[in-house]
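Working through the structure, step by step
So the chains spell out like this:
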Amino acid sequence: MTVRDFQEAFDEKIDKEIAIEPRDWMPDNYRKTLIRQISQHAHSEIVGMLPEGNWITRAPSLRRKAVLLAKVQDEAGHGLYLYSAAETLGISRDEMYDQLHSGKAKYSSIFNYPTTTWADMGAIGWLVDGAAIMNQVALCRTSYGPYARAMVRICKEESFHQRQGFEILLQMSKGTEIQRRMVQDAIDRWWWPSLMMFGPSDDNSPNTAQSMRWRVKRFTNDELRQRFVDVTVEQCKILGMTLPDPELKWNEEKGHYDFGAINWEEFWNVVNGNGPCNKERLEARAKAWENGKWVRDAAFAYSEKRKERSGSKDSKAA
Amino acid sequence: MKNQILYTLQLSDNALIYGHRLSEWCGHGPILEQDIALTNISLDYLGQARSFYQHAANLFNALPQAEKQGMFLSVALEEKIKKGESIDEDDLAYLRDGWDFRNLLITEQPNGDWATTIARAFYFDTFNYLFYTQLKKSTDLQLAAVAEKSLKEVTYHKRWSAEWVIRLGDGTNESHVKMQTALNDLWPFTGEMFRMTDAEKDMAGNAGVDTAALYDLWLQEVAAVVDEATLKMPEGAWMQDGGKNGRHSEHLGYILAELQFIQRAYPGMEW
C-alpha cells in the first residue's frame, strides 16, 4: 500500500465514524494535533489541582474538606488517564512533563487565576467544570479511540463535580449577606475567564477546520461557548446572582442569549504568561517534579535490584 | 463518661491532624500515582476523624449540662454550651484551640521531604494497625465499628508505607541516607504512642486499648521492615510526649490557624 492508500483508508474510517486506534496508520499531523491537544488537556488537569488545592487545608467543614480533597484527587486521576492516552501516540509522560515545565506545552489558562475565597471552590466547580464539560461531552465521540474512551470516564466525574460546585454556591446563597457577597464576587471574577476557556472565536481559530474534518473536534469554539452561556444563565437565576455582563440578554430570533465582547487581549496575555498566577503554577509543578527526582530514582533503582535478584534466583534454579 | 469522650477525641484528633498533614501533599507529590495514593490515605483518615468526632459529640451532648461546662477551654464552644445548644463534628474540629487537642505529636510533625512523610506514616500506620486490631473488640460498639472499618484501610496504609521504607532504604545511596535520617528524626515521637494517659488507663481493658502492651509487637514489626530496607533501627531512649494531654509542638497552632480559618473569621454560618 502506498501512503495514498493509507490516507484513503484513514479518511474512510473518519467518514464512517470508525475510531482510529493506536496501531492504525494516521497522518503525521493528526498524530501531532492529538498529542498537543491531549497533553494540553492532561496538563490542565494537573495544573488545575493547584487552585483548588489551595483551599483543601482551609475548607470550612469536615464534609467539605473531604469532598474537595476527593475532587482534586479525581483531577489527578483524569491527568493519569489522559497522559496514558497520549502515550499511545508515541510520547512519554516524562517528555510531556518537560514540555510543560519548559513552557512549550500549554494548559488551560483559567488555572492562572487565583482562588481567593471559599466561594471560588463553588465557582470553579460550577463555571470552570461546567465549561469543561461542554468541551468534554463533545470529545466523548472524538475520532481517536483512547482519547474518546478516557473522556467518557472523565465526563461522568466532571458532571458530579459541577453539581458539587453549584451546591456550594447554593448553600452559601441561602446563607448570610456576607456569604452572598462572597458568591457574587466569585462569579464576577470567574465568569469571563470561563467564557475564554472555549478558546478564540471561530474566525481566529486557525486549527478548527482541520480538527473538525478529522472529527477530533465536533463543534466549534463559538458553538460550545454559546451553549454554555445558554445553560449557565438559567442556573444563575436559581442562585439569585447576576452574571457580570450588561449586554447579556435573550435573543428571541436566534433562540440564544446574546452576550458582550470577550476581552481577547486579556486572554492572550494570560496564555502567554502574564496571568496573575502563571509563574506560581508552573513553579509549583516544576518544584514537585524536581523535588521528586530522588524518589523516582530510588523507586527505579529498587525495581532494577529486584529484577536482578529474581533473575539470579532463576538462573540458580535452572 | 468524661474519659470516654477524651479518649474518643484523642482518636479523632489523631486522624484529623494526620489526615490534614497528608492533604497538604495533594498536587505536589513526586509521582502522580503516589499523589493519588497519599490523597486516598488522607481521605481515609478524614473519614475516621469524622466518625470519631460524631461519636464524641453524641457522648458529649448526652452529658448533664453541669458536666458539659468546663470540659473545653474553647470560648466559642463554651458559649454554645451555655446557650444549651448541642455540638457536632465540626464544632469539635473547628472551634477548639490547641490545648484542647489530644493528638499524638507525631501526627502534627511537618511533611518534610518524601522520606520524612514515609517515616511518619510507617511508625504511625504500624501502630494503628495493632491498635485497631484491639479496638475492634471494644465494649463501646461505636468505637468497635469504626475500628473495624478503619482496620481495613490501615492494613493497606501499613503495607504502602512499609514498601516505601524498603524501596527508599534499598534504593539509591541518596534515598538510603534520607530514609535513615527521617527514621532517626521521628523516632523520639514514637514513645508517646505507648505511654498511656489517665483517660487511656481508665478505658483500657473494656472500651479502650492497652497501648503499652502493643509496644513489643510494634517494635518487632518495625525492626523487620527496617532490616529488609537495609537500614538501622534508630537508637536513643529519650521520647517526646505531651500531645495526648494537650501540650503540643509549635506546629499545631499553624495547622489550626489554617484549618479553622473560615469558621473563625465567619462564625456561625453554614457552608
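Residues numbered from 1 in each chain as written. Chains lettered and ligands numbered in written order. Predicted model: local features only at pLDDT ≥ 70, side-chain atom pairs only at ≥ 80, totals over all residues. Heavy atoms only, no water.

**Observations regarding the overall build of chain A**
For chain A, the count of helices and strands is 13 helices and two strands. Here chain A, with 318 residues, has 54% of them falling under the buried criterion. In chain A, once contacts between residues fewer than 6 apart in sequence are set aside, the share between residues at least 24 apart is 76%. By element, 52% of the accessible surface of chain A is carried by carbon and sulfur atoms, the whole surface being about 14,900 Å². Positive and negative charge centroids in chain A, built from 45 and 45 side chains respectively, lie 7 Å apart. (Helix = DSSP H or I, 4+ residues; strand = E, 2+ residues; numbered from the N terminus. Buried < 20%, exposed > 50% of the residue type's maximum accessible area, 1.4 Å probe, protein only. Contact = heavy atoms within 4.5 Å. Areas by Shrake-Rupley, 256 points an atom, 1.4 Å probe, with all protein chains shown as cover. Lys, Arg positive; Asp, Glu negative; His and termini not counted. Charge placed at Lys NZ, Arg CZ, Asp CG, Glu CD.)

**Notes on the environment of Phe10 of chain A**
Its location among the elements puts Phe10 of chain A in helix α1 (residues 3-15). If sequence neighbours within four positions are ignored, Phe10 of chain A has contacts with Ile20, Trp25, Met26, Pro27, Tyr30 and Trp214 of chain A.

**Section: the interface of chain B and chain A**
How large an interface is tends to be reported as the accessible area lost when its parts come together. Of the residues lining the interface, 47 residues belong to chain B; the matching set on chain A comes to 48 residues. Across the chain B to chain A interface the summed buried area is about 4,000 Å²; carbon plus sulfur atoms make up 69%. Three residues stand out in chain B for area buried against chain A, namely Leu32, Asp170 and Trp271 of chain B, and they jointly supply 18% of the buried area on that side. At the surface where chain B touches chain A, the tally comes to three salt bridges. For Asp170 of chain B, the salt bridge is made with Arg309 of chain A, and the minimal N-O distance between the two is 2.8 Å. (Buried area = accessible area lost by both parts, 1.4 Å probe. Salt bridge = Lys/Arg side-chain N within 4 Å of Asp/Glu carboxyl O.)

**Let's talk about unusual backbone geometry**
Positive phi, close to 60 degrees, is recorded for Glu17 of chain A, a residue that is not glycine. Looking at where Glu17 of chain A falls in the secondary structure, it is placed in the loop between α1 and α2 (28-47). Among the residues examined, Glu17 of chain A registers a relative accessible area of 43% and is labelled partly exposed. The phi torsion at Thr230 of chain B lies on the positive side, around 60 degrees, for a residue other than glycine.

**A closer look at the pattern of salt bridges**
For the coordinates displayed, the defined rule picks out 33 salt bridges over all chains. Linking Lys149 of chain B and Glu153 of chain B is a salt bridge whose minimum nitrogen-to-oxygen distance equals 3.1 Å. Within this pair, Lys149 of chain B and its partner Glu153 of chain B are both found in helix α8 (residues 141-169), separated by four residues, close to a single helical turn. Judged by relative accessible area, which is 13%, Glu153 of chain B ranks as buried. Within the structure, one salt-bridge network assembled from shared partners comprises Glu52, Lys71, Glu75 and Asp129 of chain A.

**Quick word on the side chain of Thr142 of chain A**
Residues and elements named next belong to chain A. Residue placement: Thr142 occurs in the loop between α6 (119-139) and α7 (145-173). A residue is classified by how much of its surface remains accessible, and Thr142, at 5% relative accessible area, is buried. Here Val216 takes part through its backbone oxygen, which lies 2.8 Å from a polar atom of the side chain of Thr142. Contact partners of Thr142, with chain neighbours within four places excluded, come to Tyr147, Ala148, Arg215 and Val216. (Polar contact = N/O pair within 3.5 Å; in protein donor to acceptor, adjacent residues only side chain to side chain.)

**Quick look at a negative patch on the surface**
Residues and elements named next belong to chain A. A cluster of acidic side chains, namely Glu87, Asp94, Glu95 and Asp98, defines a negative patch on the protein surface. For the negative patch, the element with the highest residue contribution is helix α5 (residues 93-101), accounting for three residues. By the secondary structure assignment, Glu87 is in helix α4 (residues 62-87). Judged by relative accessible area, which is 34%, Glu87 ranks as partly exposed. (Patch = residues over 30% accessible without salt bridge, like charges linked within 9 Å, V, L, I, M, F, W, Y side chains within 5 Å.)

**Some points on the environment of Arg163 of chain A**
On the secondary structure map, Arg163 of chain A appears in helix α7. The sequence separation of Arg163 of chain A and Gly130 of chain A amounts to 33 residues, and the corresponding C-alpha distance is 8.9 Å.

**Digging into the nonpolar core**
Counting residues in each nonpolar core, the largest one holds 183 residues, and the members touching the most others are Trp118 of chain A together with Trp114, Tyr123 and Leu135 of chain B. Ranked by residue count, the leading element in this core is helix α2 (residues 32-61) of chain B, at 15 residues. Those residues in contact with Trp114 of chain B, other than ones at most four positions away along the chain, are Trp294 and Val295 of chain A together with Trp25, Pro30, Gln34, Leu38, Trp160, Trp164 and Leu168 of chain B. (Core = buried A, V, L, I, M, F, W, Y, C linked by side-chain atoms within 4.5 Å.)

**Thoughts on the packing of aromatic side chains**
Under the counting rule described, the total for this entry stands at 32 aromatic pairs over all chains. With 5.2 Å between their ring centres and 90 degrees between their planes, Trp264 of chain A and Phe267 of chain A make a pair best called edge-to-face. With Trp264 of chain A and Phe267 of chain A both in helix α11 (residues 264-274) and three residues apart, the pair spans about one turn of that helix. Judged by its relative accessible area of 24%, Trp264 of chain A is partly exposed. Taken together, the aromatic side chains of Phe122, Tyr123, Phe127, Phe131, Tyr132, Trp187, Phe194, Tyr215 and Trp218 of chain B make up a single cluster linked through ring pairs. When the ring centre of Trp164 of chain B is taken as reference, the NZ or CZ atom of Arg167 of chain B above it lies at 4.5 Å. (Phe/Tyr/Trp six-rings, centres within 6.5 Å; stacked < 30°, edge-to-face > 60°. Lys NZ or Arg CZ within 6 Å of the ring centre and 35° of its normal.)

**Overview of the environment of Arg180 of chain A**
Residues and elements named next belong to chain A. Note on placement: Arg180 falls in helix α8 (residues 177-196). What makes Arg180 partly exposed here is its relative accessible area of 29%. When sequence neighbours within four positions are dropped, the list of residues in contact with Arg180 reads Met172, Ser173, Lys174, Gly175 and Met241.

**Quick look at the confidence of the model for chain B**
Per-residue confidence for chain B gives a mean pLDDT of 97; residues scoring 70 or more make up 100%. The complex prediction reports pTM at 0.95, with the ipTM value standing at 0.96. (pLDDT = per-residue confidence, 0-100.)

**A look at the packing of α2 of chain A against α4 of chain A**
All names here are of chain A. At their nearest, the axes of α2 and α4 sit 8 Å apart, and the two run at 160 degrees to each other. The angle between α2 and α4 falls in the class roughly antiparallel. Judged by the twist between their axes, the crossing of α2 over α4 is left-handed. For the pair α2 and α4, contact is made by Ile38, His41, Ala42, His43, Glu45 and Ile46 and by Glu75, Ala76, His78, Gly79, Leu82, Tyr83, Ala85 and Ala86, respectively. Across the contact of α2 with α4, the residue classes break down as eight nonpolar, four polar and two charged. (Axes fitted to C-alpha atoms, helices over the stretch in contact; angles between N-to-C directions. Parallel < 35°, antiparallel > 145°, perpendicular 65-115°, else oblique. Left-handed = near helix turned anticlockwise from the far one by under 90°. Nonpolar A, V, L, I, M, F, W, Y, C, P; charged D, E, K, R; others polar.)

**Considering the packing of α2 of chain A against α7 of chain A**
Residue and element names in this part refer to chain A. Running from N to C, α2 and α7 point in directions that differ by 25 degrees, and their axes come no closer than 13 Å. Judged by the angle between their axes, α2 and α7 are roughly parallel. The way α2 lies across α7 gives a crossing that is left-handed. Of the residues in α7, those in contact with Leu34, Gln37, Ile38, His41 and Glu45 of α2 are Tyr147, Met151, Ile154 and Glu158. Residues belonging to the contact of α2 with α7 are distributed by class as follows: five nonpolar, two polar and two charged.

**Comments concerning α7 of chain A**
End to end, α7 of chain A covers 42 Å across 29 residues, agreeing with the expected 42 Å (1.5 Å per residue, within 8%). Roughly 25 degrees is the biggest bend found in α7 of chain A, and it falls at Ile154 of chain A. (Expected span 1.5 Å × (residues − 1). Bend = angle between axes of the 7 residues up to and from the residue.)

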